[in-house]
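Summary of the model geometry
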Amino acid sequence: MRSIGFTRRAILAAATCLGLSGAAWGQHQFVMKMTTPGVDDVAVTWLKQLKAGIDARSGGRIKVEIYPANQLGPLPRVVEGVALGTIELALPAVGFVTGLEPRFMVLDAPGLFDDIAHAQRVLTDPAIRKRIGEFGAAKGVEALSVYAYSPLTLLAHKPVRSPADLKGIKVRVPGAAALHIEPMKHFGAIPMSIPPGDVLPALQNRTIDGVIMSPFIFLPNKFYDVAKPQTYLPGSFLMGVALVNRKWMKSLGPELEQIVREEARKADELFSTVGVADTE
């Protein structure tokens, strides 16, 4: 009888331990992998604030992981990953999303916004949010947020001071859509769409003569060691999107989905404050 009693107690103790460990193991119901090409910039700050908000409100049910500096691969592959559901959220430039949804191209039109602050006032308007939020639905993605990252500049080995200086030079453009390609062709340049992580080596080995990108990327990556002449492009901005997988968002259930959306809205304020300060 003593042996049987011990066995019962042992089974109950083991079951209790298994139950506790199972609860701890299953604490994270969802994993949210988030990635951006940036390093210590406003996009990374946005991801960190979003993670902090979700961590505080989800009770650990969503495990948020941040992968900056292209850690999950080049942007074209990352965008495919979001559409396939292997990556939950990414922050690419809209030029890399037009293959999924051509309507994103309108955000890259020069002259659309006066400055970063103006862009953020427009893009945070509820009606505009709703309209852009419908982009990409047929491909399984959604623009959780859209933002103006920075003005665009042209960095080149030789100064570009007029349209005539573009003739014959190979220029990296921020996307492969006609809106990025055709204007460069018009002025005699040779436009090339290259993911951000491959641009610096291409500039170093003279595969390209110049690059249109955000100056926020030039500084931390020390582009100035390779090329120095920089030309400001008035009315042109690097537009970014927080692209999220629609099916994953719905899988969260109403409560957690609402938390993610609300915390993204709160984090969007950074583009009107930190983003504007960085530009100045």
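The structure this text deals with has already been given above.
Residues numbered from 1 in each chain as written. Predicted model: local features only at pLDDT ≥ 70, side-chain atom pairs only at ≥ 80, totals over all residues. Heavy atoms only, no water.

**Points about the overall build of the protein**
Looking only at helices and strands, the protein has 11 helices and 8 strands in total. Dimensions of the protein, computed from the C-alpha atoms along their principal axes, are close to 100 × 45 × 35 Å. Within the protein, the proportion of its 280 residues that are buried is 46%. Once local pairs closer than 6 in sequence are excluded, the contacts in the protein between residues at least 24 apart make up 73%. Of the roughly 13,900 Å² of accessible surface on the protein, 60% is carried by carbon and sulfur atoms. Of the side-chain charges in the protein, 31 are positive and 26 negative, and the distance between the mean point of each set is 7 Å. (Helix = DSSP H or I, 4+ residues; strand = E, 2+ residues; numbered from the N terminus. Buried < 20%, exposed > 50% of the residue type's maximum accessible area, 1.4 Å probe, protein only. Contact = heavy atoms within 4.5 Å. Areas by Shrake-Rupley, 256 points an atom, 1.4 Å probe, with all protein chains shown as cover. Lys, Arg positive; Asp, Glu negative; His and termini not counted. Charge placed at Lys NZ, Arg CZ, Asp CG, Glu CD.)

**Overview of the sheet that holds strand β1 (residues 30-35)**
Reading across the sheet, the 8 strands line up as β2-β1-β3-β8-β4-β7-β5-β6 and stay open at both edges, with mixed pairing between neighbours. The strands lining the two open edges of the sheet, one partner per strand, are β2 (62-67) and β6 (190-193). Sheet topology places strand β5 (residues 170-173) next to strand β7 (residues 210-213); 2 bridges connect them, and they run parallel. For valine 171, the partnering residue across the bridge sits in β7 and is glycine 210. Together, β1, β3 (89-90), β4 (141-156) and β8 (230-245) form the strand contacts of helix α3 (residues 75-84), whose direction differs from that of β8 by roughly 30 degrees. (Pairing = 2+ DSSP bridges. Axes fitted to C-alpha atoms, helices over the stretch in contact; angles between N-to-C directions.)

**Some remarks on unusual backbone geometry**
The phi dihedral of aspartate 40 is positive, around 55 degrees, even though this residue is not glycine. With respect to the element layout, aspartate 40 can be found in the loop between β1 and α2 (42-58). Owing to a relative accessible area of 68%, aspartate 40 belongs among the exposed residues under this scheme. The phi dihedral of alanine 69 falls on the positive side, at around 55 degrees, and the residue is not glycine. Within the fold, alanine 69 resides in the loop between β2 and α3.

**A short note on α2**
Here α2 contains 17 residues, and its C-alpha end-to-end distance of 24 Å stays within 8% of the 24 Å for a straight helix at 1.5 Å per residue. Residues of α2 that are buried: Val42, Ala43, Val44, Trp46, Leu47, Leu50, Gly53, Ile54 and Ser58. Backbone nitrogen of alanine 43 and a side-chain oxygen of the N-cap are separated by 3.2 Å at the start of α2; the cap is aspartate 41. After α2 finishes, the residue glycine 59 shows a positive phi value of roughly 65 degrees. (Expected span 1.5 Å × (residues − 1). Polar contact = N/O pair within 3.5 Å; in protein donor to acceptor, adjacent residues only side chain to side chain.)

**Brief notes about the packing of α2 against helix α11 (residues 269-279)**
For the pair α2 and α11, interaxial distance at closest approach is 10 Å and the crossing angle is 150 degrees. Between α2 and α11, the angle falls in the class roughly antiparallel. Two packed elements cross with a definite hand, and for α2 against α11 that hand is right-handed. Note on element contacts: α11 touches α2 through Leu270, Phe271, Val274, Gly275 and Asp278, opposite Val42, Thr45, Trp46 and Gln49. Of the residues belonging to the contact of α2 with α11, the class tally is 5 nonpolar, 3 polar and 1 charged. (Parallel < 35°, antiparallel > 145°, perpendicular 65-115°, else oblique. Left-handed = near helix turned anticlockwise from the far one by under 90°. Nonpolar A, V, L, I, M, F, W, Y, C, P; charged D, E, K, R; others polar.)

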